[in-house]
Structure formats: C-alpha cells, structure tokens
Amino acid sequence: MQTLFRQIPSIDKLINAPQGKALIEQFGHSAVVEQARTLIDNARVQIQQTQSLPDFLSDENALFSQIEQQLTSQQSVAIKSVFNLTGTVLHTNLGRGLWSENAIQAATQAMRNNVALEFDIDAGKRSHRDNYISDLIQQLTGAEAACVVNNNAAAVLLMLATFAQGKEVIVSRGELVEIGGAFRIPDIMQQAGCKLVEVGTTNRTHLKDYRNAINENTAFLMKVHTSNYQIQGFTASVSEEELVELGKEFNLPVISDLGSGSLTDMHALGLPAEPMVQQKVKAGVDLVSFSGDKLLGGPQAGIIVGKKEAIAQLQAHPLKRVLRCDKVILSALEATLRHYLFPDRLIEELPTLRLLTQSLETLQTKAERLKGALYNRLDSRYILQIEASEAQIGSGALPTEKLASIAVTISAEKQSDLLILEQQFKALPQPIIARFAQQKMWLDLRSVAEFEALIEMLKIS
Ligand SMILES: *Cc1c(COP(=O)(O)O)cnc(C)c1O
C-alpha cells in the first residue's frame, strides 16, 4: 500500500506542471489547488479502501483532465434550460412564463448599464422607482397609481400590513384559498398581524354576511379571486360592486387579490375568461393586486393598483423597502406593459399568450414533426402516437378549464422502458420534461416555446 501512496503526486508538482499552469491561467490558483487537493484526498481514501490506484492517477493527462472537468462543471449554471412539454404553460416549477423579446432587451440593457431608476432626467432630480410602471398602469387601467413588489404574495402581505395591522379583515369563507407553494390567505393575515373574520359558508356568502361582521375594528373588506378551484352547484358570492357599495356605507376600503388577473380580454382570445384589472378598478375597488408572471406574461412581480392616497401609504410602509423590485425586473415589467398599448400585436409579442392561443392545426403540424424526429431516435420497444390532449394555463389559473391540445404519446410494453426513456430525455443537453398519464409519456405541444430548437436537438444529440 505504501508504494501506492507514494504514487500520489504532490500539489506542488501538479501546479508547476505545464498542464497545471494552463489550468491556473484559466481558473485561478485557489480553485485549481482546491480541486487538486480534493482529488488527492479521494485518491488516498480509495487506496485505503481498495488497495488499488484510482484510474485518474494512471497517467498525468487523465489526472489533469479530471481536474478540468470538475472546474468546468463548477462554472456551469445548474439551473438548466429545459423544454416544457408538460402541457402546463405557466408551470411554476419550470419558472412560469417566458419574457417577450422587448422585455429581454430592456432587462439586459438594465444589467449592462446604469439606468435612470429613481432619477427624473428632465427635472434633474430624484424620483421614485415605481413611477414608470405607475404612469403606464394609469394609462392602461384607469387606476390612479401603482406599487410594485417582489410577487403577488408580497403584494397581499403589504396591503394587509399597511392597512389592517391589529385590525380585522372580512373575507368570504369560500375564498380562503391556498395557492401552490403554501401561500394561504389565513397565514398571510397572521404574518401581517391582522385578524381574519370569515363570513358565509363554503358554497354561499351573501352581502348581509359581510354587513353583520362589520364593527369598529374592521380595517377593510377583502375579495380573493379563487383562481385555482371552482365551487359548482348551489353557490352564491358577492361581487366587488356590491362590496364597494357596502364599503361606502361604512367608510371601509375594499381590496381585491386577483391572483393572475389580466389586462386583456382572455375570452376574446378564445381562452377561459379571467377577471380584468380594469373592471375591478372601474367597480371602485380601492386596491387591486395581481401577478406579473401569470397571464400578464412578464417577470415575477406583484402589482398593486388603486387610489393615489392608498398607494402612497403602501409606498411609505417599511415593508415596501424589503419587498421592492430591482432595476432589471422593473425594466422588463415596463417593457411587458408597453405591449398592452398595442393590443392587436399582443399574441405575437407575448410568448405566454402566443402559446395559449396556438390553433390545433398548428399543434398538429408540430406533433407530426416531433413524432418524426422521435421515430428516428427510438427503437421498436416504443410506440409513438399523436393524440388529443388537455393542456392548462397553470400557476393556479383556472385548472378546471382545460385547453384543447395535441400530444405525441409514447408507450411501451414494459413500463421500465418508459422510465429508461425518461432518464434519457433528462440527460439531453436541454432536458425534455414530459407528463405521465395512463401509463404513457405525454409530450404536449402547447407548452413548448422553442420548438425549432427542440427538433434540432433531437436531430443532432
Ligand atoms: C397566484 C396567486 C397568488 C400568489 O401570487 P405570486 O405572484 O405567485 O406570489 C396570490 N393570490 C392568488 C389569488 C393567486 O392566484
């Protein structure tokens, strides 16, 4: 064993060899020494356990190439790009939607340059970072002002903390939802230090239920859009308009958490209807909050729109400083909102809307090409078919409303063969993420954005 140990080279020898010097040139002294040390420690352990020399010590080139491999893998980002063939367009686990080209450009520009984030160039003085969004929101929704935070969950927290700390908030029992990732309205209430007052029953809430719950400690009336489930049958809920009327009577503000919300009429695009921010503003709701990265099609953000005075109070709360967005997100969000000034171009410009509105004919053509590309790769164990599928918007938006779609399905006599294929798909340079149902792998064409890149990858790798 001693002779084996003696064959382990010293760190000094390694870093002074020509290959060692080349690595240091590329990665720096500390990282190379660290990697060499790790490798040598591993070699010692292996000799101890197996009384044999590890392969990478068999020749010098193998050793250096091992070090280089380790260093290269440390450099490459582990948050990998993937192809989303799950059929869920806004898949939270896959980073939700993709940005428009304008949003990408605005974001990269903000990354490379200083930007007039809190600076009014014309006036030559300090301004507020949310002003750009606020002006656009005013134009697009008629709301007086806007406040932008990290996400919609943060938006709800900020509204509650600002206006309802130590007070009561009245919400319908049917609207106490949990959004994926453990966002529960009651928990947020608790975090914000306010008391939740539930009214009505799971399936039915009436205006009188709200009225009876109002007392001198009530901060406001709240609506939560139950985007991720639906109660059917004997149901009743109270509209924003009615709540606003009631609020006026008692001088209480009304706030609405829209979740996804939309600035354009989804129904007119042939999609399931989703409440529009403009409608809630028009109904007189004091504050409306919604996500930047759900149907809006932009970066992760939470947008609160409403009356100037109420927005000013949000902006002044210490939590706003904690929850604010950076220049990159605000630039991308501004670019996204600007698309809504050109409504006829929306579905071409915003990837999320583009994917959601693709016709079945388009999906069929794509399915045939995908099937062809797969046919060339897979052996006879696998059966390929083109089948009708059901896609969904995702991110809690309308899971009960399926979108007609087309998928390439793959089945095999032995389920283990499908698992092997799943592993192969995951090992591709840009892994393919599929959906499994009815003992088949479903590759749904509606949710995949870079389709040409997918076909190209299947051809060459
Ligand atoms: C999605 C959703 C949220 C959370 O929004 P994020 O932007 O994901 O933080 C809050 N409320 C409702 C009703 C939602 O649908």
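Scroll up to find the structure.
Residues numbered from 1 in each chain as written. Predicted model: local features only at pLDDT ≥ 70, side-chain atom pairs only at ≥ 80, totals over all residues. Heavy atoms only, no water.

1. Considerations on the sheet that holds strand 5 (residues 145-149)
Taking strand neighbours across the sheet as the criterion, the 7 strands line up as 5-13-12-11-10-6-9 in an open arrangement whose pairing is mixed. Of all strands in the sheet, those bounded by a partner on one side alone are strand 5 and strand 9 (195-199). Each strand of the sheet is rotated relative to its neighbour by a mean of 25°, with strand direction disregarded. Across 5 bridges, the pairing between strand 6 (residues 168-172) and strand 9 is parallel. When the bridges of strand 9 are listed, Ser 172 appears paired with Val 199. Most of the contacts of helix 11 (residues 240-250) go to strand 10 (residues 218-224), to which it runs at about 175°, and overall it touches strand 10 and strand 11 (254-259). (Pairing = 2+ DSSP bridges. Helix = DSSP H or I, 4+ residues; strand = E, 2+ residues; numbered from the N terminus. Axes fitted to C-alpha atoms, helices over the stretch in contact; angles between N-to-C directions. Contact = heavy atoms within 4.5 Å.)

2. Description of the pairing of strand 15 (residues 403-412)
Burial within strand 15 is extensive, with 9 of its 10 residues counted as buried. Pairing geometry for strand 14 (residues 382-394) and strand 15, over 10 bridges, is antiparallel. What sits directly across from Glu 387, in strand 15, is Ala 407. (Buried < 20%, exposed > 50% of the residue type's maximum accessible area, 1.4 Å probe, protein only.)

3. Details of the site of the ligand
Around the ligand, the structure places 13 residues, and the nearest of them are Arg 96, Ala 153, Asp 257, Ser 291 and Lys 294. With respect to the ligand, the backbone of Asn 152 contributes an N or O atom lying 3.0 Å from an oxygen atom. In the model, an oxygen atom of the ligand is placed 2.9 Å from a nitrogen or oxygen of the Lys 294 side chain. Contact with the protein chains covers 95% of the free accessible surface of the ligand, which is 380 Å². Breaking the shell around the ligand down by element, the ones donating at least two residues are helix 8 (152-164) and strand 11. For the shell around the ligand, the class distribution of residues is 4 nonpolar, 6 polar and 3 charged. (Near = heavy atom within 4 Å. Polar contact = N/O pair within 3.5 Å; in protein donor to acceptor, adjacent residues only side chain to side chain. Areas by Shrake-Rupley, 256 points an atom, 1.4 Å probe, with all protein chains shown as cover. Nonpolar A, V, L, I, M, F, W, Y, C, P; charged D, E, K, R; others polar.)

4. What to know about the environment of Thr 38
Inspection of the secondary structure assignment puts Thr 38 in helix 4 (residues 29-50). For Thr 38, a relative accessible area of 32% translates into the label partly exposed. Expressed as a C-alpha distance, the spacing of Thr 38 and Ile 67, which sit 29 residues apart in the sequence, is 9.4 Å. One polar contact links the side chain of Thr 38 to the main-chain carbonyl oxygen of Glu 34, over a distance of 2.8 Å.

5. A closer look at the side chain of Asp 293
Mapping Asp 293 onto the fold places it in the loop between strand 12 (287-291) and strand 13 (302-306). A polar contact is formed between the side chain of Asp 293 and the side chain of Arg 96, at a distance of 2.9 Å. Setting aside residues no more than four positions away along its own chain, Asp 293 makes contact with Leu 90, Arg 96, Gly 97, Gly 298, Pro 299 and Gln 300.

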